[in-house]
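Architecture at a glance
The lines below spell out each chain.
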Amino acid sequence: MSEPRWTPAQRAAIDDRGGALLVSAAAGSGKTAVLTERAVRLITDPEHPVDADRLLIVTFTNAAAAEMRQRIRDALEVRAEQEADNEHLQRQLVLIHNAKITTIHSFCLQVLRSHFHLIGLDPGFRVADEAEMQLLRQDVLKEVLDETYETEAENQEFHEFLEQFSPGKDDRPVMEAVLALYHFSMGQPWPLEWLQECREMYVGGGAALAKTDSAEQKKEEPDNGSRLEEDSAKEGEEQNNQTERVCGKTCDGLHDPLWLQAAVDDTKHVLEEAGNLVQRAYDTAMEPFGPAAYGPALLDDLEQIERVARAQDYHGLAAAFRGMHPYKRLSTKKDPDVLEEKKQLVKDLREAAKTALAGVRTRYFYDTPEVIRDEFERSGLSVRWLTYLTEAFSKRLAQRKAEKNMLDFSDLEHLALQILMERKDGENHPSAAAREYAEQFEEIMIDEYQDSNLVQELILGSVSGGGCGAHNLFMVGDVKQSIYKFRLAEPEIFRSKYELYKKEEETQSGKIDLNSNFRSKKNVTRTVNTVFEKVMEDYDEDARLHCTAPEEYPGYPTRVTIIDRSDEAELEDGDMLESTDREIATIARIVSENKGQPVFDVKKQVERSVEYRDIVILSRNRHTIPAIEKALNDQGIPAFGENPGGYFESVEIEIFVNLLKVIDNIRQDIPLISVMHSPIFDFTAKELAKIRIAFREGSFYQAIRSYAETPVEVPLQEKVRKMLEQLTYWKQLRRTVSLEELL
């Protein structure tokens, strides 16, 4: 079997030894093949062979881990056949079954199973599924809020906080805010410590809150009011001193507090971006056939931006922004030699810069620094209450999970981190357990590194031996493919290391770019490069995709469809299409148009007609997947979409939950409309609109009642009456049968 023809960059990634290595592997660059080959060569190195079970290979999914294990095993089997007398290879074929080729969560689970005693964990724990955790989180949060409502019933500051987040009678916004903050905090290595740091950023403004561990601690205290006042007075005195020190006397120069410094840093970044945009506009204007008459206005823009950027602190920036004069108008002089495309590009670049500057002025410089500072400090009240509620919820949830002896996926990471890291004086140090793992692993290989988070970074760093002078991390990823920010991925970890590691320098760390694309034709790579060079910073020659696919494969033109939402599209029955519906209808049309078109089958090496199974639809919004699937199926196009959520988020289950709500209390408009619009009663959007137009006052339930009793459109009226009769029957039935029988 002939060896693959590796590119120089691939060969470097395979053979590099002696230090941490970051590989930026673009799509289609042979990343998996490189990972596999590197592992195989480490195992079969003639001078320093590594046992397969001394490698830790971390992948993003279980399927990827299984595939990687199979690839390495297949490669070892081939070599074992060629070297039948090689005892080391025969031994590796046995060890590969126990090699740690795993996901980060599976590795954390192994750590917990082996070292549960170090943190007092019951070894009989189980990992809960997401549906169970979703219900438990809702129950615990409601419990914490109910207790807080009771204990803080007379607390005016708590009521002010509630008014800011939930001005009506519905406390769902508060619950959503707590859950969102809790979810984000789980991406931090030490969540409770991070919540405390959030509180400390907001000093002064309003009376301070008492620092309590949880709502139940208040409940256990015999004198909650006096304790709260005592702690508030103590914390308030400390914060007043800090306010005097940080926000009273030193809010100028280089001594701005954290929140002001963050505003300065963000503003500086925006100014740099705006300057780059205007510079590009000026360069384009000065090119042949460019609108050179725009030059003076663009130069004036650059001078203004540079003048503002010279300010060193918040007050200087505020004064500089106030001193900006209106933008000069672009010349209206006609020049027949100017290309319209270049003129429009210059206008668009300038407008983007102006929009960016207007945004930062609106965020940070909408009033005097003193007024903005006071507003920021007053908002600290809400931040403190929100973080306290989140902390109470986090602790109560941990308590409930401990009672049930179950863990969720974030627990796997954080408990493993407790075992592997010791926290001393705000610093992290590898524990004795971590040092044992570090001695065991010869190299740690991390796939999809762009989707790592801070917790995972610490876990893998602790067992790599990095804290003990070793550098044996091999990280592979592509920041352009980071799509899991909602799962707390931190692509900035990859970006920062990419900038830090120097290529072609003899250091203990290095970076390699794999940008040769073997998967796609030039038309695809050209389109990708065109998009990313406009939307991504530092998209240089190293980051660009370079097509290396065989030239004999025919290419097909890429297509961009822009949906104009300004005009109105009307269906045959008169219903108006929403913007999302237009996108879905357009997708269905494109799929139909492509069916039967010629395409080259790389595997069969023949040209054939496109089949439905050749087409994949990617949606940036997971909640539109069921709607796309339904639209395609309605047009006779076989389609299957992955369920975007858990069991309780599926459309069918949500409809039945709403039906149960309506049977229990029909005076709930949103569940009622959901059930009416579902296949259960099959009311169209147009029919629902007719009912509301006929009776605009009162709730929607009152409207359908009136519609059923008033002479109106007979067919629709009969449909409403039948629905009400059915709901009445189910309501009566629920009194005599169990929920299971009712369903």
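Here's a quick rundown of the structure.

Calculation criteria
Residues numbered from 1 in each chain as written. Predicted model: local features only at pLDDT ≥ 70, side-chain atom pairs only at ≥ 80, totals over all residues. Heavy atoms only, no water. Helix = DSSP H or I, 4+ residues; strand = E, 2+ residues; numbered from the N terminus. Buried < 20%, exposed > 50% of the residue type's maximum accessible area, 1.4 Å probe, protein only. Contact = heavy atoms within 4.5 Å. Areas by Shrake-Rupley, 256 points an atom, 1.4 Å probe, with all protein chains shown as cover. Core = buried A, V, L, I, M, F, W, Y, C linked by side-chain atoms within 4.5 Å. Pairing = 2+ DSSP bridges. Axes fitted to C-alpha atoms, helices over the stretch in contact; angles between N-to-C directions. Parallel < 35°, antiparallel > 145°, perpendicular 65-115°, else oblique. Left-handed = near helix turned anticlockwise from the far one by under 90°. Nonpolar A, V, L, I, M, F, W, Y, C, P; charged D, E, K, R; others polar. Arc of directions from axis to C-beta. Phe/Tyr/Trp six-rings, centres within 6.5 Å; stacked < 30°, edge-to-face > 60°. Lys NZ or Arg CZ within 6 Å of the ring centre and 35° of its normal. Salt bridge = Lys/Arg side-chain N within 4 Å of Asp/Glu carboxyl O.

So, on to the overall build of the chain. Secondary structure summary: the chain contains 29 helices and 14 strands in total. For the chain, the residues scored as buried account for 41% of the 743 residues in total. A separation threshold of at least 6 residues defines the contact pool for the chain, and within that pool the share at least 24 residues apart is 71%. In the structure as shown, the chain presents an accessible area of about 41700 Å², 52% of it carried by carbon and sulfur atoms.

Next up on the list: the nonpolar core. Across soluble globular proteins, nonpolar side chains show a tendency to be buried alongside one another. If you look at the biggest cluster of nonpolar residues, it comprises 44 residues, and the most contacted ones within it are Leu 56, Phe 107, Leu 112, Leu 420, Ile 459 and Met 475. Examining the composition of this core, we find that six residues originate from one element, helix 17 (residues 409-420), more than from any other. Discounting chain neighbours no more than four positions away, the residues touching Leu 112 are Ile 119, Leu 121, Phe 125, Leu 407, Leu 412, Leu 415, Ala 416 and Ile 419. In terms of nonpolar packing, the next biggest core, distinct from the first, is built from 32 residues, Leu 21, Leu 55, Ile 96 and Leu 514 among them.

Within the element layout of this structure, Thr 102 appears in strand 3 (residues 100-103). In sequence terms Thr 102 and Asn 62 are 40 residues apart; their C-alpha atoms lie 6.8 Å from each other. Residues in contact with Thr 102, not counting those within four places in the same chain, are Leu 56, Ile 57, Val 58, Thr 59, Ala 65, Phe 107 and Gln 110.

Strand order in this open sheet of six strands is 3-2-8-9-1-10, and the pairing throughout is parallel. Whereas interior strands pair on both sides, the edge strands pair on one side only; in this sheet they are strand 3 and strand 10 (509-514). When the angles between neighbouring strand axes are averaged without regard to direction, this sheet yields 15°. Across four bridges, strand 1 (residues 20-25) lies against strand 9 (residues 473-477) in parallel orientation. Each residue of the ladder has a partner; that of Ser 24, found in strand 9, is Gly 477. Packed on one face of the sheet, helix 1 (residues 8-15) meets strand 1, strand 9 and strand 10 and runs near 145° to strand 10. Here helix 2 (residues 31-44) sits on the sheet and contacts strand 1, strand 2 (55-59), strand 8 (443-446), strand 9 and strand 10; the angle it forms with strand 8, its principal contact strand, is near 170°.

Contact pair helix 24 (residues 651-664) / helix 25 (residues 669-677): the axes reach a minimum separation of 8 Å and the direction vectors enclose 125°. As the angle between them shows, helix 24 and helix 25 are arranged oblique. You can see that helix 24 and helix 25 cross each other, and the crossing is left-handed. Here Ile 655, Asn 658, Leu 659, Lys 661 and Val 662 of helix 24 come into contact with helix 25, specifically with Pro 671, Leu 672, Ser 674 and Val 675. In terms of residue class, the contact of helix 24 with helix 25 is built from six nonpolar, two polar and one charged.

Right, let's talk about helix 23 (residues 625-634) for a bit. Within helix 23, the full set of buried residues consists of Ile 628, Ala 631 and Leu 632. End-on, the buried residues of helix 23 take up no more than an arc of 95°, which puts them together on one face. Exposed and oriented more than 90 degrees from the buried face of helix 23 are Lys 630 and Asp 634. Downstream of helix 23 by a residue or two, Gly 636 has a phi angle that is positive, lying close to 80°.

As a further point, take the packing of aromatic side chains. This structure, assessed with the given rule, holds 17 aromatic pairs. The interplanar angle of 85° and the centroid separation of 6.3 Å between the aromatic rings of Tyr 364 and Phe 365 together place this pair among those described as edge-to-face. Measuring from ring centre to ring centre gives 6.2 Å for Tyr 449 and Phe 494, while their planes differ by 50°; the resulting arrangement is tilted. Residue Tyr 449 is found in the loop between strand 8 and helix 19 (454-463), and its partner Phe 494 is found in helix 20 (residues 491-500); the two are separated by 45 residues along the sequence. What makes Phe 494 buried here is its relative accessible area of 2%. Three or more aromatic residues joined by ring pairs make a cluster, and in this case those are Tyr 149, Phe 158, Phe 161, Phe 165 and Trp 385. The residue whose ring lies beneath Arg 113 is Phe 125, and the NZ or CZ to ring-centre distance is 4.1 Å. The ring of Tyr 612 has Lys 595 sitting right over it, with the charged end atom 5.3 Å from the ring centre.

Turning to the pairing of strand 13 (residues 598-601), a few remarks are in order. Two strands pair when backbone bridges link them, and strand 13 and strand 14 (residues 606-609) are joined in this way by four bridges, in the antiparallel orientation. Counted as the bridge partner of Pro 598 is Ser 609 from strand 14. From the end of strand 13 to the start of strand 14, which pair antiparallel, there are four residues, and Gln 605 there has a positive phi angle of about 60°.

Contact pair helix 2 / helix 3 (residues 62-82): the axes reach a minimum separation of 10 Å and the direction vectors enclose 50°. Taken as axis vectors, helix 2 and helix 3 run oblique relative to one another. For helix 2 against helix 3, the interelement crossing comes out right-handed. Residues Thr 32, Ala 33, Leu 35, Thr 36, Glu 37, Ala 39, Val 40, Arg 41, Ile 43 and Thr 44 of helix 2 touch helix 3, and the partners they reach there are Met 68, Arg 71, Ile 72, Ala 75, Leu 76 and Arg 79. Residues of the contact of helix 2 with helix 3, tallied by class, amount to nine nonpolar, three polar and four charged.

This part takes up the pattern of salt bridges. In total, this model carries 38 salt bridges according to the counting rule given. Measuring nitrogen to oxygen at the nearest pair gives 3.1 Å for the salt bridge that ties Arg 589 to Glu 593. Here Arg 589 and its partner Glu 593 are both found in helix 22 (residues 579-594), four residues apart, which amounts to about one turn of the helix. Members of the salt-bridge network, linked through shared partners, are Glu 143, Glu 147, Arg 396, Arg 400 and Glu 403.

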